[in-house]
Amino acid sequence: MTELDEGTSIDLGSAPQAPERPPRLTAWGYVRYSWRQLTSMRTALVLLFLVALAAVPGSLLPQHNTNPIRVRDYFIAHPRLAPIFDRRSVSLFDVYSSWWFSATYLLLFISLAGCVIPRAAKHYTAMRARPPAAPRRLERLPESAVLETSLAVDEAAQALRDAVRRTRFRVDLVPELDGAVTVRAEKGFLRETGNLVFHLALLVLLLGVAVGGLFGYKGTVLVVEGDSFVNAAGNYDDFMPGHRFRDSALAPFTLTLEHFAAQYYDSGDKAGTAKRFDATLRWSPRPGAPTRSYDLQVNHPLVMGQTKVYLLGDGYAPEFTVRDDTGKVAFQGPVPFLPQDSQLSSTGVVKVPGAQPQQLGLDALFTPTTRLLQGGVAVSTFPAALAPAVSVVAYRGNLGLESGVPQSVYRLDTSRMTKADRFVLAPGQTHQIGAGKASVTFDGYRMWTNLQVTYDPGKDLALAAAAAMVLGLLLSLRVRRRRVWVRARPAGAGRTVVEMGGLARTDESGFRHEFADLVSRARSVLPAVPTGAAAPTDREE
Amino acid sequence: MAVDLGLATLSDNLFGAALLAYAPAALGFAVEAAFGPRTATASVEAAVEAQSRQLVGAGGPPLAAGPVEPRPTARSTWDRVARVSVGLTILGFLLHAGSILSRGLAAGRIPWGNMTEFISATCLAVVGAYLWLLWREKARFLGAFVLAPVLLSMGLAGTVLYTSVGPVQAVLSTYWLPIHVTAAVVATGIFVLGSTAAMLHLMSLHYEVLVAQGKRVGFSGLARKLPPAETLDRLAQRAIGLGFPIWTFAVIAGAIWAESAWGRYWGWDPKETWAFITWVAYAAYLHARSTAGWRGKAASWIAVAALVCLIFNFFGVNLVITGKHSYAGV
């Protein structure tokens, strides 16, 4: 597909300059005509542009799979436009899995395959062919030289062949009818090989991506310190299987988050920026197998064959004990809060449906390093828990859990509740809600981590293809194609005249030096004609 | 790890000194390009001759070849201006490299972890690529066109986008940072050069057409001092052909890093998307160069469009769109 050659290139992939449509095409002829058009270089170029163009909207509009929250915001901001964008036929929030994006790149890949595969066959034949015959007049080539030697024609030709071969030419020795012997030499086949490897590797890369997308899965789960996770589709918070996913692809591992620690820079411009995260896991590859410990870090996933566990995020889970008006403990335990800013001010809610006589709900803000502003508003000034506190707004009433509509665990529906109290607690402190016996105790906090589990059976194939692409590119862009001919002709009186000629089929810059080097190599293997005879003459343009 | 403040200050001072060397160099190149005498390659007749010489396959004709109408005194003065500019560029390059090196030593890490450092390193790569072409292809005429955007970018990096020396966040402390970013920086430098040459190729082509038709030259007269279009075209192709595998490698190294940091090797993050678009655009350029009807003018326009994608990916994605690469701290 890429004939990157200069000057002498022939567009193997191109259709004829101005394709004249024959007056009447048979059905088969029409198919052939369309195929020729599709696999032409010009079509491929247009498809390349279309793929680039089609990729643009996905970078400008929020996408469902990378940023669902911003998609929701977009719906709120553009209530008329967003539903149109979201239609299946438009799919502007799912650009990279939309029919039109897929159609564009699939057409490109078909065009590519239709061009590259026949070309690979052609190249295989060309590689086995002998170097092409010499032009009659070598001095007409871009580079040429004439030498004389006292060697006989055959000896000279053999010495020259060996000299040329040493500079990595493929050579062929051909006697001609008039008693001359010609060395035909050619090099640079790796250029086209590299070109083909690159394009075939692109196809393999697509295959690798497809295998991963079809048979793999990806899931995320939030795990609080001390809690465990068993790898099953139902245990994930968010699970995205491929179209051909089977449950048997789930590796039967279990893991426990024993401890999580985050370290932050505490001075300078970068104060508050995370330095490192360490999640200490205890895991077991299958039930009954001995458990092992692993220090899970960013950039260092836990690898179990094709399944990998990544550390994606972290946060605080404050622990509460809530008593109802009867004095009974109605809730106890950690509640994961969601970080809201870089100082990890985190919000969350506690729902206590079992509280008597009325249900209780807490809307709370956790501040790891707390500073109280005027009016009792707490803010966080550092992401590490140096002075943790929770600011709570307590509600009484109906949590609305029985309505059947699924509710977010991070939001409190206060439409049927009344605000009862607001207060700030440090760890260990308890606050009575209003006048009753109901109270909230802030027991402390635990850390939680957001883990992602990925199974991608196509990854290794994709990586190998990517490596082959780079290798192929280097060959196809750096290797230069050259042809050289050397003709030794008897000139009487024990002399042999040697004519050399060469041309660069790609990137002619530097060929003059290469040719000059060849000439001097030739000169060094050919004994000069004894003094008295004509001196060797070089003719270079 | 503590930041070495002495080295950090040294780095900032060297950065300023490099700017002070680049600025007069750019001015010198610009003045020489605008008012210097026509060189052999600049007069159209000579250009046509040079072009025909090239067509028979000779190596690149030396661009600073002796003038057709010798004007010894004028030439030596202007030549001296250009030579001083080259000297200043080399000096600036060394100071600039020193600035980046001392910044790295000050922070105790590879010095391209934020926008300021990334711009500085990329500008160094652009100047480095220019010096390489100067040495290999005698492409001195590119000086003003290359140094002007470098000065602008470095000015931005040193002011509005400035970040003082410091450590990087957790996701960036891996050996993939030097591998991925270095490849991206080097490829960007080479692409900028290549696309600049393609842009000049278009100017030169336009100028040659106007002259051949005997029309008034007007604004395109800027191209009078440029080498023949053919030479510029070849320069662009060589640079982009060199940059393309490096860019490919940078994207792949990024994918490998993304796989270990974010759990997927490709996720259409805006930076990834635009790196892909840039890659496709330069691939289209290389294909167009060998497709009948696209060679020449159309191909060079593609190289210019590719540069626009590259620049958008460089600045736009960090400043306008939020994505996973927005760590850059601006």
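Residues numbered from 1 in each chain as written. Chains lettered and ligands numbered in written order. Predicted model: local features only at pLDDT ≥ 70, side-chain atom pairs only at ≥ 80, totals over all residues. Heavy atoms only, no water.

The next point concerns the nonpolar core. As a rule of thumb, soluble globular proteins bury nonpolar side chains together. Judged by nonpolar contacts, the single largest core of 118 residues is most densely connected at B:Leu142 and B:Phe244. Leaving out residues up to four positions away in the same chain, B:Phe244 has contacts with A:Leu473, A:Leu477, B:Phe191, B:Trp279, B:Tyr282, B:Ala283 and B:Leu286. Judged by nonpolar contacts, the second largest core, of 52 residues, contains A:Leu344, A:Val352, A:Val390 and A:Phe423. (Core = buried A, V, L, I, M, F, W, Y, C linked by side-chain atoms within 4.5 Å. Buried < 20%, exposed > 50% of the residue type's maximum accessible area, 1.4 Å probe, protein only. Contact = heavy atoms within 4.5 Å.)

In total, this model carries 37 aromatic pairs over all chains according to the counting rule given. Judged by centre distance (5.7 Å) and plane angle (65 degrees), the rings of A:Phe101 and A:Tyr105 are edge-to-face. One end of the pair is A:Phe101 and the other is A:Tyr105, both in helix H5 (residues 99-128) and four residues apart, which spans about a single turn. Considering the side-chain rings of B:Tyr175 and B:Trp176, the 5.6 Å spacing of their centres and the 35 degrees angle between planes classify their relative orientation as tilted. On the basis of relative accessibility, which here comes to 58%, the residue B:Tyr175 falls in the exposed class. By relative accessible area, which is 16% here, B:Trp176 ends up buried. Put simply, the rings of A:Tyr96, A:Phe101, A:Tyr105, A:Phe109, B:Trp266, B:Trp268 and B:Phe276 pair up and form one aromatic cluster. When the ring centre of A:Phe189 is taken as reference, the NZ or CZ atom of A:Arg170 above it lies at 4.1 Å. We note B:Arg136 situated over the ring of B:Trp135; from NZ or CZ to the ring centre the distance is 5.9 Å. (Phe/Tyr/Trp six-rings, centres within 6.5 Å; stacked < 30°, edge-to-face > 60°. Helix = DSSP H or I, 4+ residues; strand = E, 2+ residues; numbered from the N terminus. Lys NZ or Arg CZ within 6 Å of the ring centre and 35° of its normal.)

Accessible area lost upon the coming together of the parts serves often as the stated size of an interface. The domain boundaries assigned to chain A delineate domain 1 (30-126), domain 2 (138-188 + 480-525), domain 3 (212-314 + 452-468) and domain 4 (316-445). Computed from C-alpha atoms alone, the centre-to-centre distance between domain 2 of chain A and domain 3 of chain A is 63 Å. (Domains from an automatic or database assignment.)

Looking now at the sheet that holds strand S5 (residues 228-230) of chain A. All names here are of chain A. Taking strand neighbours across the sheet as the criterion, the four strands line up as S5-S7-S8-S9 in an open arrangement whose pairing is antiparallel. Strands at the two margins of the open sheet, each flanked by one partner only, are S5 and strand S9 (292-296). On average, adjacent strands in this sheet sit at an angle of 25 degrees to one another, irrespective of strand direction. For strand S8 (residues 274-284) and S9, the ladder comprises five bridges, and the chain directions are antiparallel. Residue pairing for S9: Thr 280 is matched across the bridge by Asp 295. (Pairing = 2+ DSSP bridges. Axes fitted to C-alpha atoms, helices over the stretch in contact; angles between N-to-C directions.)

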